[in-house]
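# Tertiary structure, described
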Amino acid sequence: LCMLLTFAMLICQTGLIGYAQDEFKLEAEDGTLSGWTVRANASASGGSWVQAKNGGSGEWSIEITADGLYSFDMLYATAKDGAEATLLIDGVTAAENVSAVKTGSNMISSAQTCILLEKYAIKKGTHIVKLSISGADIGLDYLTVNKTGAFLPKRYGYAVNKLNTLTLSASM
């Protein structure tokens, strides 16, 4: 019995069953852009990148296929210190003032990944993702949304409240 339970836990943890490692790529140029400019570049994902101006924002609609915990990151480049990103999901601030470190230039050739949010509980359905940049301009290629885990049923003592914080109950 112990061996069977260990095997079942391993299968769920590796994603063989329980949840799929869903990944969504939001091309910067496909969003509704405010104060940002699309630039063609064959080396950018999708053939373009966005000059994301300080004080501007981009907004994307995403269809989440299953309830779960999701991470958000961006592929960006910036020539200056002080760039910060704020991420809103359905109008709620999910990550605020995330530092986007200097990469050497605003060109996508010097791009690196910035983790905006490691785990955020999202229900199945259509959601609006908004990214705002402050402090310095950046070159933005895309956002990546990855499913990192599944909700556990409430009977196991796990719940997500309105502030999207996790609580774990001792009684099972």
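Residues numbered from 1 in each chain as written. Predicted model: local features only at pLDDT ≥ 70, side-chain atom pairs only at ≥ 80, totals over all residues. Heavy atoms only, no water.

## Thoughts on the overall build of the protein chain
Helix and strand counts for the protein chain stand at 1 helix and 11 strands. N-terminal to C-terminal, the α/β element order of the protein chain is α-β-β-β-β-β-β-β-β-β-β-β. By the burial criterion, 44% of the 172 residues in the protein chain qualify as buried. Expressed as a percentage of contacts within the protein chain between residues at least 6 apart in sequence, the contacts between residues at least 24 apart total 74%. (Helix = DSSP H or I, 4+ residues; strand = E, 2+ residues; numbered from the N terminus. Buried < 20%, exposed > 50% of the residue type's maximum accessible area, 1.4 Å probe, protein only. Contact = heavy atoms within 4.5 Å.)

## Considering the environment of E63
With respect to the helices, strands and loops of the structure, E63 is situated in strand β3 (residues 48–64). C-alpha separation for the pair E63 and I128, spaced 65 residues apart in sequence, amounts to 9.0 Å. If near-sequence neighbours (up to four positions away) are discounted, E63 is found in contact with F24, G125 and T126. Here the side chain of E63 touches T126 through a polar contact of 2.3 Å, side chain to side chain. (Polar contact = N/O pair within 3.5 Å; in protein donor to acceptor, adjacent residues only side chain to side chain.)

## Considerations on the pairing of strand β5 (residues 83–89)
Within β5, 6 of the 7 residues are buried, leaving the element largely enclosed by the surrounding structure. Alignment of β5 against strand β6 (residues 92–100), held across 6 bridges, turns out to be antiparallel. Residue pairing in the sheet places L88 in a bridge with T93 of β6. With antiparallel pairing between neighbouring strands as the criterion, β5 and β6 make up a hairpin whose turn holds 2 residues, including D90 at a positive phi of roughly 55 degrees. In terms of strand pairing, β5 meets strand β8 (residues 125–134) through 6 bridges, oriented antiparallel. By the bridge assignment for β8, L88 is matched with K130. (Pairing = 2+ DSSP bridges.)

## Notes on the pattern of salt bridges
Tallied over the entire structure, the rule returns 2 salt bridges. Taking the shortest distance from any N to any O, the salt bridge between K53 and D137 comes out at 3.7 Å. Residue K53 is located in strand β3, and its partner D137 is located in the loop between β8 and β9 (138–149); the two are separated by 84 residues in the primary sequence. With a shortest N-O distance of 3.9 Å, K123 and D67 are connected by a salt bridge. Of this pair, K123 sits in the loop between β7 (112–122) and β8 while D67 sits in the loop between β3 and β4 (68–77), and the two are 56 residues apart along the sequence. (Salt bridge = Lys/Arg side-chain N within 4 Å of Asp/Glu carboxyl O.)

## Quick notes on the confidence of the model for the protein chain
Scored by pLDDT, the protein chain has a mean of 81; 75% of the residues are at 70 or more. Here strand β11 (residues 166–168) is the element of the protein chain with the lowest mean pLDDT, 38, and β5 is the one with the highest, 97. For the stretch residues 1–21, pLDDT sits under 50, and the model shows 13 contacts to residues farther than four places along the chain or on other chains. Of the regions scoring below 50 in pLDDT, residues 155–172 engages in 22 contacts with residues more than four places distant in sequence or in other chains. (pLDDT = per-residue confidence, 0-100.)

## A word on the nonpolar core
In terms of nonpolar packing, the biggest core is built from 34 residues, with F72, M74, L87, L116, L131 and L140 touching the most fellow members. Those elements that place two or more of their residues in this core are β1 (23–27), β3, β4, β5, β6, β7, β8 and β9. If we skip the residues at most four places from it in the chain, L140 touches A28, W36, W49, V50, A52, W60, M74, L75, Y76, I108 and L131. (Core = buried A, V, L, I, M, F, W, Y, C linked by side-chain atoms within 4.5 Å.)

## A closer look at unusual backbone geometry
Phi is positive for D90, which is not a glycine, with a value near 55 degrees. Mapped onto the elements of the fold, D90 is located in the loop between β5 and β6. Judged by relative accessible area, which is 41%, D90 ranks as partly exposed. You will see that N97, though not glycine, has its phi angle at about 55 degrees, which is positive. The topology assignment puts N97 in strand β6.

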